[in-house]
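Residues per chain, in single letters:
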Amino acid sequence: MTHPRRDLDSLIHSPVRFSVLAALAHLESADFRFLADLVEVSDSSLSQSLTALADADLVEIRKEAAGRRTRTWVRITDHGSEAFSQHVRTLQEIADTGAIEQPSRTPLKGDAS
Amino acid sequence: MPDNEMTPHEAERQLHQVATVAAHARRATRWYPWLSLAHAVTALTYTVALDVLGAPWWPATGVFAVVLALLWSAVARNHEAAPRHWIRDMGISVATWAILYFVMLDPALQLLGATGASWWVAAGVVAASPFAACAFASARR
């Protein structure tokens with residue numbers, strides 16, 4: 001039996017990409033500026049992360065004209081949603097292995113407490 | 001991935017991070033229940049204007065349409081994040097309101113000769129209830 005950590009998705013595992021997908025998993029879509037502020041990264045860093053996610057068909061990026069400026073909207077794809085859910089399940093399995101290996105401590109006989 | 005990179009403690013930390021980010025993301029969609037509530041109020045006001053106060057149909061409908069257009073314009077300009085399936089849910093609410101009001105309640109009350117204001121206010125409340133239900137459901141997410 002292999003350890004669950006081998007099922008972790010290396011693309012999603014990056015902190016920025018992971019946080020982006022965590023936000024998008026609960027939304028229909030999100031503005032680029034909102035994501036940058038939420039994840040607390042620079043525009044270029046977020047742009048690189050979104051490009052990597054889009055290339056893997058985990059997110060879709062849409063640009064929309066809004067008056068004089070252009071707004072960039074991001075949404076998670078069905079594939080991205082499934083991949084993220086699987087990644088979270090794997091993390092939960094790993095966290096659970098820690099709970100199995102470290103059972104709750106019970107007081108020894110004779111302890112004052 | 002190197003074998004020693006993901007410990008149970010690190011996994012728990014990342015799971016906590018997911019919950020935190022998700023909570024912040026959902027907070028940005030708080031405008032949606034208010035939009036639904038605004039639709040409910042606008043729809044009820046429209047009913048009262050037409051059927052209780054006797055406003056002429058075209059001007060009342062025109063004002064109704066302008067108010068909705070302003071609401072949606074404000075949403076389109078200012079929202080940063082949208083809740084899942086918001087367009088679908090709002091579309092269902094609008095369609096249900098239209099069917100309840102124009103197809104069921106309005107003809108039924110006219111057929112019954114119900115002229116009292118309380119009847120029409122009650123009908124307006126019932127017809128606008130899909131918007132209120134939408135606001136309630138989305139506020140609980």
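Residues numbered from 1 in each chain as written. Chains lettered and ligands numbered in written order. Predicted model: local features only at pLDDT ≥ 70, side-chain atom pairs only at ≥ 80, totals over all residues. Heavy atoms only, no water.

As recorded in an unreviewed UniProt entry, chain B goes by the name SPW repeat-containing protein, listed as coming from Isoptericola halotolerans.

You'll find chain A entered in an unreviewed UniProt entry as DNA-binding MarR family transcriptional regulator, with Isoptericola halotolerans given as the organism.

Brief notes about the overall build of chain A
To be explicit about the condition: Only DSSP runs of H or I reaching four residues or more are called helices, and only runs of E reaching two or more are called strands; each is numbered from the N terminus. Here's how the labels work: a residue is buried when its accessible area is under 20% of the maximum for its type, exposed when over 50%, partly exposed in between, all with a 1.4 Å probe on protein chains only. Any pair of residues with heavy atoms lying within 4.5 Å of one another is described as a contacting pair. Areas reported here follow the Shrake-Rupley algorithm with a probe of radius 1.4 Å; residue values treat only the protein chains shown as occluding.
The helix and strand tally for chain A stands at five helices and three strands. When the elements of chain A are put in sequence order from the N terminus, they spell out α-α-β-α-α-β-β-α. For chain A, with 113 residues in total, the buried portion stands at 42%. Summarising the internal contacts of chain A: among those between residues at least 6 apart in sequence, 53% fall at separations of at least 24. Summed over its atoms, the accessible surface of chain A is roughly 6,700 Å², and 47% of this surface lies on carbon and sulfur atoms.

Description of the UniProt feature "transmembrane region" (unreviewed entry) in chain B
All names here are of chain B. To be explicit about the condition: UniProt positions are given in the numbering used here, feature names are shortened, and annotations may be inferred rather than shown by experiment.
According to UniProt, the positions carrying the feature "transmembrane region" (unreviewed entry) are residues 31–49, 55–74, 86–105 and 117–139. Counting secondary structure, residues 31–49 comes out at 100% helix and 0% strand; the distance between its end C-alpha atoms is 27 Å. Here residues 86–105 runs as 100% helix and 0% strand, with 26 Å between its end C-alpha atoms.

Observations concerning the interface of chain B and chain A
The test is simple: Here's the idea: put two parts together, see how much 1.4 Å probe accessible area each one loses, and the total over both is what we call buried area. One side-chain nitrogen of Lys or Arg within 4 Å of one carboxyl oxygen of Asp or Glu is enough to make a salt bridge. Pairs of N or O atoms within 3.5 Å make up the polar contacts considered here, provided that, within protein, one atom can donate a hydrogen while the other can accept it, and that residues adjacent in sequence are counted only when both atoms are side-chain atoms. Any two strands with at least two DSSP bridges between them are considered paired.
In this complex, chain B contributes 29 residues to the contact, which on the side of chain A involves 32 residues. Contact between chain B and chain A buries roughly 2,500 Å² in total, counting both sides, with carbon and sulfur atoms accounting for 62%. Of all residues in chain B, Leu15, Glu80 and Arg84 of chain B give up the largest surface area on contact with chain A, accounting jointly for 22% of the area buried on that side. Linking chain B with chain A are zero salt bridges. Applying the counting rule to chain B against chain A returns 10 residue pairs in polar contact (both at pLDDT 80 or more). Broken down by secondary-structure element, the contributors of at least two residues to the side of chain B that touches chain A are α1 (8–27), α3 (57–78) and β1 (81–83) of chain B. Per-element accounting of the side of chain B that touches chain A gives the leading share, 12 residues, to α1 of chain B. Pairing of strand β1 (residues 27–31) of chain A with β1 of chain B, which is carried by three bridges, proceeds in the antiparallel orientation. Across the sheet, Ala30 of chain A pairs through a bridge with Ala81 of chain B, a residue of β1 of chain B.

A short note on the confidence of the model for chain B
Basically, it comes down to this: Within a predicted model, pLDDT stands for the predictor's per-residue confidence, ranging from 0 to 100.
Residues at a pLDDT of 70 or more form 96% of chain B, whose mean pLDDT is 90. Model confidence for the complex: the whole-complex pTM is 0.80, and ipTM, which rates the interface, is 0.78.

Structural notes on unusual backbone geometry
Phi angles above zero are rare outside glycine, and Glu40 of chain A is one such case at about 60°. Take Glu40 of chain A: it is sitting in the loop between α3 (32–39) and α4 (43–55).

Comments concerning the pattern of salt bridges
Residue and element names in this part refer to chain A. Following the criterion strictly, the structure yields eight salt bridges over all chains and no others. The partner of Arg75 in a salt bridge is Glu60, and the shortest N-O contact between them spans 2.8 Å. Residue Arg75 is located in strand β3 (residues 69–76), and its partner Glu60 is located in strand β2 (residues 59–66); the two are separated by 15 residues in the primary sequence. For Arg75, a relative accessible area of 29% translates into the label partly exposed. A relative accessible area of 40% places Glu60 in the partly exposed class. Here Glu82 and Arg89 are joined by a salt bridge, their closest N and O atoms 3.2 Å apart. Taking relative accessible area as the criterion, Glu82 reaches 46% and is therefore assigned partly exposed. On the basis of relative accessibility, which here comes to 42%, the residue Arg89 falls in the partly exposed class. Residues joined by salt bridges that share partners form a network here, namely Arg33, Asp37 and Asp43.

Focus on the sheet that holds β3 of chain A
Note the following rule: Angular values range over 0 to 180 degrees, each being the angle between N-to-C directions of two axes fitted as lines to C-alpha atoms, with helices fitted over their stretch in contact.
Strand order in this open sheet of four strands is β2(A)-β3(A)-β1(A)-β1(B), and the pairing throughout is antiparallel. Two strands lie at the open edges of the sheet, namely β2 of chain A together with β1 of chain B, each paired on one side alone. With direction set aside, neighbouring strand axes in the sheet form an average angle of 20°. With respect to the sheet, helix α2 (residues 15–24) of chain A is in contact with β1, β2 and β3 of chain A, its orientation differing from that of β3 of chain A by roughly 85°.

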